[in-house]
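A closer look at the structure
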Amino acid sequence: MRITGVRVVAATVLAALTLAMGACAEDGSGSDTGTGSGDAGNSTGTIKEGLKVAFLPKQVNNPYFETSDNKGGKSAVEEFKGNYSQTGPSEASPSAQVSYINTLSQQQTDVIVVSANDKDAICGALTEAKTAGAKIVTYDSDTKPECRDVFVNQATADGIAKSQIKLISDAVGPEGGEIAILSATANATNQNAWIEMMKTELAKPEYAKLKLVDTVYGDDQDEKSFQEAQGLLAKHPNLKGIISPTTVGVAAAARYLSGSSYKGKVQLTGLGTPNQMRAFVKDGTCKAFALWNPADLGYLAAYAGAALASGIITGKEGDSFKAGKLGDYKVGAGGEIVLGDPFTFEASNIDQFDF
Ligand code: RAM
């Protein structure tokens, strides 16, 4: 939970967030929307120099993780004079991360920052790494809580789900109709949490006219996601909208819809990066989509790991630490640290962002 963070409740605050995210657009890193003060707690502790901090994304070569790790994470590690690295599989399969964790552990890495492809599959390896002395930070997609020290969550699952359902509802319009979800991998902790919460949200009376008819998995591979989007339309001729809560999936679905007769007729929303979605917002394929600043996510995760490895926090609820230019953060229930709220991108603001 953000201690000093701005809660987005009004247009003026939204404008401030827009400007703050825009300000970070150039280098893709840090947006300080906070104003200072906050609980001092033990956040005044000093980060050790020379910490080895390794990022292990779901998959390398995904623009989302390029930004979270190689921009946000790296700039944080440079700030506290540590040694940054990123390693990981090219495919987001459940056990693909195990061998990377073992290697990082053997290399006596101080902090492993990992986005889990599966909540169970990497637990054994992470527990061994912990025993060998590493601090474990999950970010983006969590493991079982006992396998890590803290989880840096981009936004609450509930907040993400509410925003996704509102976006598809607004795009489809009052008549409602059939909708489908194009997800990433079937085991991804973050995707599954969001899908569950979306189902809860859809059960509310205000969404009675929206009917979820299918959930398919593109495995965060561009071609597979494209084909799954195509398959949804073939299978459900009355489909009115697709939600794809993955940056890879939503961009692939947009490409498919944009080149088809469904463009502008079948609505699309999801979680995407502005750079991957810009053309499809401009050509009318997608009215609006959401995300957070991935660079801030990586930046916060690096600082959380450094705070753990320096003994500033242990990961228990109520611990607090300073995350560089993002300000002070507090560890919440279950060892969760929340970056902020999802942000909506649309034609009127998308040109202010570059990531
Ligand atoms: C993809 C990954 C990632 C998710 C984003 C929104 O890049 O699936 O885990 O958080 O999309």
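Everything that follows concerns the structure shown earlier in this document.
Residues numbered from 1 in each chain as written. Predicted model: local features only at pLDDT ≥ 70, side-chain atom pairs only at ≥ 80, totals over all residues. Heavy atoms only, no water.

A separate point is the pattern of salt bridges. A complete count under the given rule lists 17 salt bridges for this structure. Taken together, the salt bridges that share partners define one network made up of Lys119, Asp120 and Lys144. (Salt bridge = Lys/Arg side-chain N within 4 Å of Asp/Glu carboxyl O.)

Moving on to the state of the cysteines. For the structure on display, the rule yields 1 disulfide. Residue Cys123 pairs covalently with Cys147 via a disulfide, S to S 2.0 Å. Here the S-S torsion is close to 95°, and the disulfide linking Cys123 with Cys147 is therefore right-handed. Taken together, the positions of Cys123 in helix α4 (residues 123–131) and Cys147 in the loop between β4 (135–139) and β5 (150–153) put the pair 24 residues apart, joining distant regions of the chain. Cys123 sits in the buried class, given a relative accessible area of 8%. Using a relative accessible area of 3% as the deciding quantity, one classes Cys147 as buried. (Disulfide = S-S within 2.5 Å. Helix = DSSP H or I, 4+ residues; strand = E, 2+ residues; numbered from the N terminus. Buried < 20%, exposed > 50% of the residue type's maximum accessible area, 1.4 Å probe, protein only.)

Taken together, 16 residues lie around the ligand, and Lys58, Asp140, Asn190, Asp220 and Thr247 are the ones closest in. Note that an oxygen atom of the ligand is positioned 3.0 Å from one of the side-chain N or O atoms of Asn62. In the environment of the ligand, an oxygen atom lies 2.6 Å from a nitrogen or oxygen atom belonging to the side chain of Asp220. Coverage of the ligand by the protein amounts to 100% of the 300 Å² it exposes when considered alone. The cavity that encloses the ligand is the largest cavity. (Near = heavy atom within 4 Å. Polar contact = N/O pair within 3.5 Å; in protein donor to acceptor, adjacent residues only side chain to side chain. Areas by Shrake-Rupley, 256 points an atom, 1.4 Å probe, with all protein chains shown as cover. 1 Å grid on protein atoms, 1.4 Å probe; cavity = no way out; pocket = protein on both sides within 12 Å on 5 of 7 lines; lining within 4 Å. Sits in = over half its atoms within 2 Å of the grid points.)

Applying the stated rule across the entire model yields 15 aromatic pairs. Between the aromatic rings of Phe55 and Tyr84, the centroid separation amounts to 5.7 Å while the plane-to-plane angle is 45°, which identifies the pairing as tilted. Of this pair, Phe55 sits in strand β1 (residues 52–56) while Tyr84 sits in strand β2 (residues 83–86); the two residues are 29 residues apart in sequence, bridging distant segments of the chain. According to the relative accessible area criterion, Phe55 is buried, its value standing at 0%. An angle of 20° between the planes, with centres 5.2 Å apart, marks the rings of Phe289 and Phe345 as stacked. Taken together, the residues Phe289 in strand β10 (residues 288–291) and Phe345 in strand β14 (residues 343–346) connect sequence positions 56 residues apart. Residue classification places Phe289 among the buried positions, given a relative accessible area of 0%. Phe345 sits in the buried class, given a relative accessible area of 0%. Grouping aromatic residues by their ring pairs yields a cluster made of Phe55, Tyr64, Phe65, Tyr84, Tyr139, Trp194 and Trp292. (Phe/Tyr/Trp six-rings, centres within 6.5 Å; stacked < 30°, edge-to-face > 60°.)

If you check helix α6 (residues 189–202), its first and last C-alpha atoms are 20 Å apart, about what 14 residues at 1.5 Å a residue would give, namely 20 Å. Of all the residues in α6, the buried ones are Thr189, Asn190, Gln191, Trp194, Ile195, Met198, Glu201 and Leu202. Structurally, α6 contributes buried residues whose contacts are with α5 (157–172), β6 (177–183), β7 (210–217) and β8 (239–244). (Expected span 1.5 Å × (residues − 1). Contact = heavy atoms within 4.5 Å.)

Here we take up the nonpolar core. With 82 residues, the main nonpolar core has Val152, Met277, Trp292, Leu300, Phe321 and Ile337 as its most contacted residues. By residue number, the principal contributor to this core is helix α10 (residues 294–309), which donates 11 residues. Leave out the neighbours within four places in its chain, and Val152 touches Val137, Thr138, Tyr139, Asp140, Leu297, Leu300, Ala301, Ala304 and Ile337. By size, the runner-up hydrophobic cluster in this structure holds 15 residues, among which are Ile101, Leu104, Cys123 and Cys147. (Core = buried A, V, L, I, M, F, W, Y, C linked by side-chain atoms within 4.5 Å.)

So, on to the sheet that holds β5. Strands sit in the order β2-β1-β3-β4-β5-β13 across an open sheet of 6 strands; the sheet is parallel. Looking along the sheet, the strands with just one partner apiece sit at the ends: β2 and β13 (336–338). Each strand of the sheet is rotated relative to its neighbour by a mean of 20°, with strand direction disregarded. Along the sheet face, helix α2 (residues 63–79) touches β1, β2 and β4 and points at about 170° away from the line of β2. (Pairing = 2+ DSSP bridges. Axes fitted to C-alpha atoms, helices over the stretch in contact; angles between N-to-C directions.)

Another aspect to go through is the environment of Ile337. Mapped onto the elements of the fold, Ile337 is located in strand β13. Measuring from C-alpha to C-alpha, the distance between Ile337 and Asn153 comes to 5.9 Å, with 184 residues separating the pair along the chain.

Quick look at the packing of α5 against α6 now. The angle between the axes and the distance between the axes are what describe a pair of packed helices. As a packed pair, α5 and α6 sit with axes 8 Å apart at the nearest point and diverge in direction by 55°. It follows from the interaxial angle that α5 and α6 lie oblique. Crossing angle aside, the handedness with which α5 passes α6 is right-handed. Across the interface between the two elements, Ala157, Asp158, Ile160, Ala161, Lys162, Gln164 and Ile165 of α5 pack against Ala193, Trp194, Met197, Met198, Glu201 and Leu202 of α6. For the contact of α5 with α6, the class distribution of residues is 9 nonpolar, 1 polar and 3 charged. (Parallel < 35°, antiparallel > 145°, perpendicular 65-115°, else oblique. Left-handed = near helix turned anticlockwise from the far one by under 90°. Nonpolar A, V, L, I, M, F, W, Y, C, P; charged D, E, K, R; others polar.)

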